[in-house]
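Listed below, chain by chain, are the residues.
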Amino acid sequence: MSKVNKRNTQTRRSFLRGAALSSAGAVVAVSSTAKEQSEALITEAQSWAQELADGVDVTPYGLPIEHEGDVIRRNVPWLTADAVSSVNFTPIHALDGTITPQGCAFERHHSGAIDLKKEDYRLMINGLVDKPMIFTYFDLERFPRENHVYFCECAANTGMEWAGAQLNGAQFTHGMIHNMEYTGVPLRTILNEVGLIAAGDLKDKWVFVEGADASSNGRSIPMEKALDDVFVAFKANGEALRKEHGYPVRLVVPGWEGNMWVKWLRRIEVTDGPVESREETSKYTDTLSDGRSRKWTWAMDAKSVVTNPSPQMPIKHGSGSLLISGLAWSGHGAIKRVDVSLDGGKNWRIASLSKPGEKMAVSRFYFHTDWDGEEMLLQSRAIDETGYVQPTKTQLRAVRGLNSIYHNNCIQTWHVGKNGSVENVEVS
Ligand SMILES: Nc1nc2c(c(=O)[nH]1)N[C@H]1C(S)=C(S)[C@@H](COP(=O)(O)O)O[C@H]1N2
Ligand SMILES: [Mo]
């Protein structure tokens, strides 16, 4: 029997009476109730086939068709009362594949999203370098360029779920993540230009990175990471960064907490130690049960979530063939495997990845099953290339206590009812 803590309640119920569901033998069939209607849709000439349609799109930049009006960023009113220092959430429940379109990718601002023209953009590199320099946007465009897909996850993603199941939707529990293809220049290329790499022993050096907005969002990054894969990006998914994602230039810090991905990047100072700024001391640290805080928790540990079915995506087609789908990622490398459980973690089956996992990028997983129409406790569990296994909520709480906000990467449970409705719950 599983102990299930329903959202905002503490009830104890047993949901699963039968044996574990089988993934074998699932078949896709059109339900007979839909038969007459679907026949008319194929045998009768429909209005859209009897007249000329609109011509090419006259709007200067295309938007999704109105029937997809549900695929939008959303916020949680009590959490985001102030739009300037705010957050909204990616509709991960309604997306598929791995790439997040910029127009619905979550935003997190500490002092609003600034409007900065390319012409007014400057990047200063100073501190322990041979020649401090100032680059324009157009200077940055002249360096050799690369393309990489990376996820950006706010350290506070899932932070509202520490004490109990709270927000009813994958968008709200796990939507502070996006995964985009970035175009830009490795930071090491730019640091080489200011004479840093020639400067000798870089072992104990750091960079302090700052944005042009009022918050400046300053963060310290150890030199080893800065010279490894940190990236100065000016395009995402092929087009210019959106204003809200740091136009015209943002920092990309693969696998590390979103707060370090400085938007509207304006200054990089080479230092001989961390600055210990507000963003890395009073914020983005995790307080343990004994009152001590974890420091420098930069990499986002492996995590996953079932996006469909989920509270905003109930099962509408009844029992039978069911495709379960979700996302998995790790800040320590590529996703190696994702397991799915239908019974709250008692039995696990291996899901399929839509393509081999890529380093610090989101993986899409699918699990096809034959649903018997009984209640389920749906879970997914990510395993990354280091062998790390995503922990249960109980395991995570045992190590971290209940005082944390950031870095909650525990296994998520969705309760699926017989009618296909889905709710955020906890099992223990
Ligand atoms: N300059 C600046 N950079 C910033 C922020 C900010 O407020 N100002 N917010 C940070 C936080 S907390 C996160 S999670 C990510 C979010 O990036 P996004 O808004 O593109 O999703 O940007 C980071 N970079
Ligand atoms: Mo964040």
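Residues numbered from 1 in each chain as written. Chains lettered and ligands numbered in written order. Predicted model: local features only at pLDDT ≥ 70, side-chain atom pairs only at ≥ 80, totals over all residues. Heavy atoms only, no water.

Draft legend 1. Up close: the pairing of strand 16 (residues 303–308). Most of strand 16 is tucked away: five of the six residues are buried. Here strand 16 pairs with strand 17 (residues 320–329) via five bridges, running antiparallel. In the strand pairing of strand 17, V306 is matched with G326. (Buried < 20%, exposed > 50% of the residue type's maximum accessible area, 1.4 Å probe, protein only. Helix = DSSP H or I, 4+ residues; strand = E, 2+ residues; numbered from the N terminus. Pairing = 2+ DSSP bridges.)

Draft legend 2. Region of interest: the site of ligand 1. Every one of the 21 residues lining ligand 1 counts as a neighbour, but F106, H110, H245, R250 and K263 are closest to it. Taking F106, its main chain carries an N or O atom lying 2.6 Å from an oxygen atom of ligand 1. Against a free-state accessible area of 530 Å², the protein chains account for coverage of 100% of ligand 1. With respect to the pocket detection grid, ligand 1 is positioned in the largest cavity. Across the shell around ligand 1, the residue classes break down as six nonpolar, nine polar and six charged. (Near = heavy atom within 4 Å. Polar contact = N/O pair within 3.5 Å; in protein donor to acceptor, adjacent residues only side chain to side chain. Areas by Shrake-Rupley, 256 points an atom, 1.4 Å probe, with all protein chains shown as cover. 1 Å grid on protein atoms, 1.4 Å probe; cavity = no way out; pocket = protein on both sides within 12 Å on 5 of 7 lines; lining within 4 Å. Sits in = over half its atoms within 2 Å of the grid points. Nonpolar A, V, L, I, M, F, W, Y, C, P; charged D, E, K, R; others polar.)

Draft legend 3. Structural view of the nonpolar core. If you look at the biggest cluster of nonpolar residues, it comprises 62 residues, and the most contacted ones within it are L140, Y182, V207, L251 and L265. The dominant element in this core, judged by the number of residues it contributes, is strand 10 (residues 231–236), at five residues. Core analysis: the second largest hydrophobic core is formed by 29 residues, A170, I177, L322 and W414 among them. (Core = buried A, V, L, I, M, F, W, Y, C linked by side-chain atoms within 4.5 Å.)

Draft legend 4. Structural context of the layout of surface pockets. As a volume, the largest pocket reaches approximately 400 Å³. Listing elements by their share of the lining of the largest pocket, those giving two or more residues are strand 2 (86–87), helix 6 (278–281) and strand 14 (286–287). Here the lining of the largest pocket is built from residues that sort into nine nonpolar, nine polar and five charged. When residues of the lining of the largest pocket are assigned to domains, at least three map to each of domain 1 (86–294) and domain 2 (303–425). (Points joined across faces, edges and corners; volume = space filled by probe spheres on them. Domains from an automatic or database assignment.)

Draft legend 5. Spatial organisation of the sheet that holds strand 20 (residues 352–353). What the four strands build is an open sheet, ordered 16-17-21-20; its pairing is antiparallel. A strand with exactly one partner marks an edge of an open sheet, and here the two such strands are strand 16 and strand 20.

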